[in-house]
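What the coordinates show
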Amino acid sequence: MATIEECRAALDKLSDSMQRAEGDVRAAAAMDRSVSCHITDLDVTFAGRLTGGRIEVRDTYSGPPREKAQIRLAMTGDDLVALVDGELHFARAWALGRVRLEAGLRDLLRLRKLL
């Protein structure tokens, strides 16, 4: 099972990758939205903002998200690490119910370029 530190490192790695992206992926990452990522097996939530092409984690706390972020993710720590490392494809994980993504329709359309 992935640790909180490994999950935080995975989010930082994802953020770095998004910032280096080009073209449509960079444009999709350029949104300014609140974001939360609930790690279900650890019952920990990382909350922050997607801004300037980066995910800025501002808070880490126990339990589910305290506020409804504009972009909400939920998955196990192992799945987060596997997604970021390229060992698990997002669409497959989402189709199997291993990853939950909730956002407004416009945001979902932009996010599909990232995923």
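Residues numbered from 1 in each chain as written. Predicted model: local features only at pLDDT ≥ 70, side-chain atom pairs only at ≥ 80, totals over all residues. Heavy atoms only, no water.

1. Examining the nonpolar core
- The biggest cluster of nonpolar side chains holds 27 residues, and the ones touching the most others in it are Phe-46, Ile-71 and Leu-80.
- At the level of elements, α1 (4-20), β1 (33-39), β2 (44-51), β3 (54-62), β4 (71-75), α3 (77-84), α4 (90-95) and β5 (100-103) are the ones that each hand at least two residues to this core.
- Residues contacting Phe-46, with those up to four places away along its chain left out, are Ile-4, Cys-7, Arg-8, Leu-11, Val-35, Ser-36, Cys-37, Ile-39, Val-57, Asp-59 and Thr-60. (Core = buried A, V, L, I, M, F, W, Y, C linked by side-chain atoms within 4.5 Å. Buried < 20%, exposed > 50% of the residue type's maximum accessible area, 1.4 Å probe, protein only. Helix = DSSP H or I, 4+ residues; strand = E, 2+ residues; numbered from the N terminus. Contact = heavy atoms within 4.5 Å.)

2. A closer look at the pattern of salt bridges
- Tallied over the entire structure, the rule returns 8 salt bridges.
- Ionic pairing is found between Glu-56 and Arg-58, a salt bridge with its closest N-O pair at 3.4 Å.
- A relative accessible area of 34% means that Glu-56 is categorised as partly exposed.
- Judged by its relative accessible area of 51%, Arg-58 is exposed.
- The salt bridge partner of Glu-102 is Arg-72, with a shortest N-O separation of 3.2 Å. One end of the pair, Glu-102, is in strand β5; the other, Arg-72, is in strand β4, with 30 residues separating them in the sequence.
- Owing to a relative accessible area of 16%, Arg-72 belongs among the buried residues under this scheme. (Salt bridge = Lys/Arg side-chain N within 4 Å of Asp/Glu carboxyl O.)

3. A word on the packing of aromatic side chains
- Applying the stated criterion to the full structure yields 0 aromatic pairs.
- The residue whose ring lies beneath Arg-66 is Tyr-61, and the NZ or CZ to ring-centre distance is 4.0 Å. (Phe/Tyr/Trp six-rings, centres within 6.5 Å; stacked < 30°, edge-to-face > 60°. Lys NZ or Arg CZ within 6 Å of the ring centre and 35° of its normal.)

4. Some words on unusual backbone geometry
- One non-glycine residue, Asp-43, lies in the positive phi region at around 50 degrees.
- Topologically, Asp-43 is positioned in the loop between β1 and β2.

5. Observations concerning the environment of Arg-20
- Relative to the elements of secondary structure, Arg-20 occurs in helix α1.
- Among the residues examined, Arg-20 registers a relative accessible area of 59% and is labelled exposed.
- Distance from Arg-20 to Arg-54, taken between C-alpha atoms, is 9.5 Å for residues 34 residues apart in sequence.

6. Looking at the sheet that holds β4
- Strand order in this open sheet of 5 strands is β3-β2-β1-β4-β5, and the pairing throughout is mixed. Lying at the two open borders of the sheet, with one neighbouring strand each, are β3 and β5. Adjacent strand axes in the sheet meet at a mean angle of 20 degrees when their direction is disregarded.
- With 8 bridges connecting them, β2 and β3 associate as antiparallel partners. Pairing of Leu-50 across the sheet is with Ile-55, part of β3.
- Against the sheet, α1 touches β1, β2 and β3, its axis set at about 165 degrees to β3.
- Contacts from α3 reach β1 and β4 within the one sheet, and its direction differs from that of β4 by about 110 degrees. (Pairing = 2+ DSSP bridges. Axes fitted to C-alpha atoms, helices over the stretch in contact; angles between N-to-C directions.)

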